[in-house]
Amino acid sequence: MKHLPTLLCAWLAALGLAASAHTVLEYQVASAGQSYKATFKVGHGCGASPTRQIVVDIPAGVQGAKPMPKSGWRTEVTRAKLAQPYTSHGRAITEDVTRISWTAKTAEDMLPNGHYDEFVLVGTLPAQAGMMYWPVQQVCEQGRLDWTEVPKPGQKLFDLKSPAALLEIMPSAGAAAHQH
């Protein structure tokens, strides 16, 4: 089981997924109903232009998303009313996080094109297994890259020019035991 991430990366590379998506999740498989650390890997800017902002839209069903602070970057959390409230630790939750963004505070804090960085958040995944797409917008000093495309029925992820980050949620026998 400890070799699963390595095997998965090799499998994805063989399919050409790793090469086609430029903003991807570090761990692309997780258990339903569990806490998940989403690490978005950003490997380049927009042409030669540095990245000044990363915006992640939180997929429906992810609960309680929280960003990891990043030195030199301002974090903004957008919340919205829920159509279907839920209970967490005995409290009724009527609104939740729908978007998290990190914006470089100064030009020196921007991510240069020739560098790599990670943007991290945590949240609880839905109890149902399936594919989950995380739209990511990469705003650069000049230009932007929107990693937001989701495959249509019959279409493969590696056929897309700008695919959203993909997470496969696997069934979990203990998913309902304790959620955060």
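Before reading on, note that the structure itself is shown above.
In this text the structure is predicted, and so the values were computed from the model without any measurement.

The rules behind these values
- Residues numbered from 1 in each chain as written.
- Predicted model: local features only at pLDDT ≥ 70, side-chain atom pairs only at ≥ 80, totals over all residues.
- Heavy atoms only, no water.
- Disulfide = S-S within 2.5 Å.
- Helix = DSSP H or I, 4+ residues; strand = E, 2+ residues; numbered from the N terminus.
- Buried < 20%, exposed > 50% of the residue type's maximum accessible area, 1.4 Å probe, protein only.
- Pairing = 2+ DSSP bridges.
- Core = buried A, V, L, I, M, F, W, Y, C linked by side-chain atoms within 4.5 Å.
- Contact = heavy atoms within 4.5 Å.
- Axes fitted to C-alpha atoms, helices over the stretch in contact; angles between N-to-C directions.
- Salt bridge = Lys/Arg side-chain N within 4 Å of Asp/Glu carboxyl O.

Novice: Honestly, the state of the cysteines in this entry has me stumped. Any pointers?
Specialist: Disulfide: a covalent bond connecting the sulfur atoms of a pair of cysteines. One pass over the full model with this rule turns up 1 disulfide. What pairs with Cys 46 in a disulfide is Cys 140, and their sulfur atoms sit 2.1 Å apart. In this structure the cystine formed by Cys 46 and Cys 140 twists about its S-S bond by roughly 70°; its chirality is therefore right-handed. In this pair, Cys 46 is assigned in the loop between β3 (35-42) and β4 (51-57) and Cys 140 in strand β10 (residues 136-140), connecting sequence segments 94 residues apart. On the basis of relative accessibility, which here comes to 12%, the residue Cys 46 falls in the buried class.

Novice: Would you mind showing me how to read the pairing of strand β7 (residues 91-104) here?
Specialist: Remark: a regular strand shows side chains that alternate across the two faces of the sheet. Note that β4 and β7 share 5 bridges and pair antiparallel. Note on β7: the bridge partner recorded for Val 56 is Ile 100. Direction of pairing for strand β6 (residues 73-88) relative to β7: antiparallel, over a ladder of 12 bridges. Within β7, the residue paired with Val 77 across the bridge is Ile 100.

Novice: Quick question: what am I supposed to make of the nonpolar core here?
Specialist: In a soluble, globular protein the nonpolar side chains are often hidden away together inside. In this structure, Phe 40, Val 56, Ile 58, Leu 121, Leu 125, Trp 134 and Leu 167 are the most contacted members of the largest nonpolar core, which totals 29 residues. Elements that contribute at least two residues to this core include exactly β3, β4, β7, β8 (117-124), β9 (130-134) and β12 (165-170). Residue contacts for Phe 40: discarding those within four places in its chain leaves Thr 23, Val 24, Leu 25, Val 56, Asp 117, Glu 118, Phe 119, Leu 121, Trp 134, Val 136 and Ala 165.

Novice: Sorry if this is basic, but what is going on with the sheet that holds β8 here?
Specialist: By definition, the strands of a sheet pair up through backbone hydrogen bonds, in either a parallel or an antiparallel sense. Taking strand neighbours across the sheet as the criterion, the 4 strands line up as β1-β3-β8-β5 in an open arrangement whose pairing is antiparallel. Only two strands of the sheet have a single neighbouring strand rather than two, namely β1 (23-25) and β5 (63-67). The average undirected angle you get between the axes of adjacent strands in this sheet is 25°. Alignment of β3 against β8, held across 8 bridges, turns out to be antiparallel. Within β8, the position partnered with Ala 38 by the bridge is Leu 121.

Novice: Hey, could you run me through the pattern of salt bridges in this one?
Specialist: Pairing of side chains with opposite charge becomes possible as their charged atoms draw close. Taken as a whole and assessed by the stated rule, the structure comprises 5 salt bridges. Among the salt bridges present, the one from Lys 70 reaches Asp 117, with a minimum N-O distance of 2.9 Å. Taken as a pair, Lys 70 in the loop between β5 and β6 and Asp 117 in strand β8 lie far apart in primary sequence, 47 residues in all. Among the residues examined, Asp 117 registers a relative accessible area of 22% and is labelled partly exposed. Notably, a salt bridge pairs Glu 76 with Arg 74, separated by 3.8 Å at the nearest N-O pair. Residue class for Glu 76 comes out partly exposed when judged on its relative accessible area of 40%. The class for Arg 74 is partly exposed, based on a relative accessible area of 46%.

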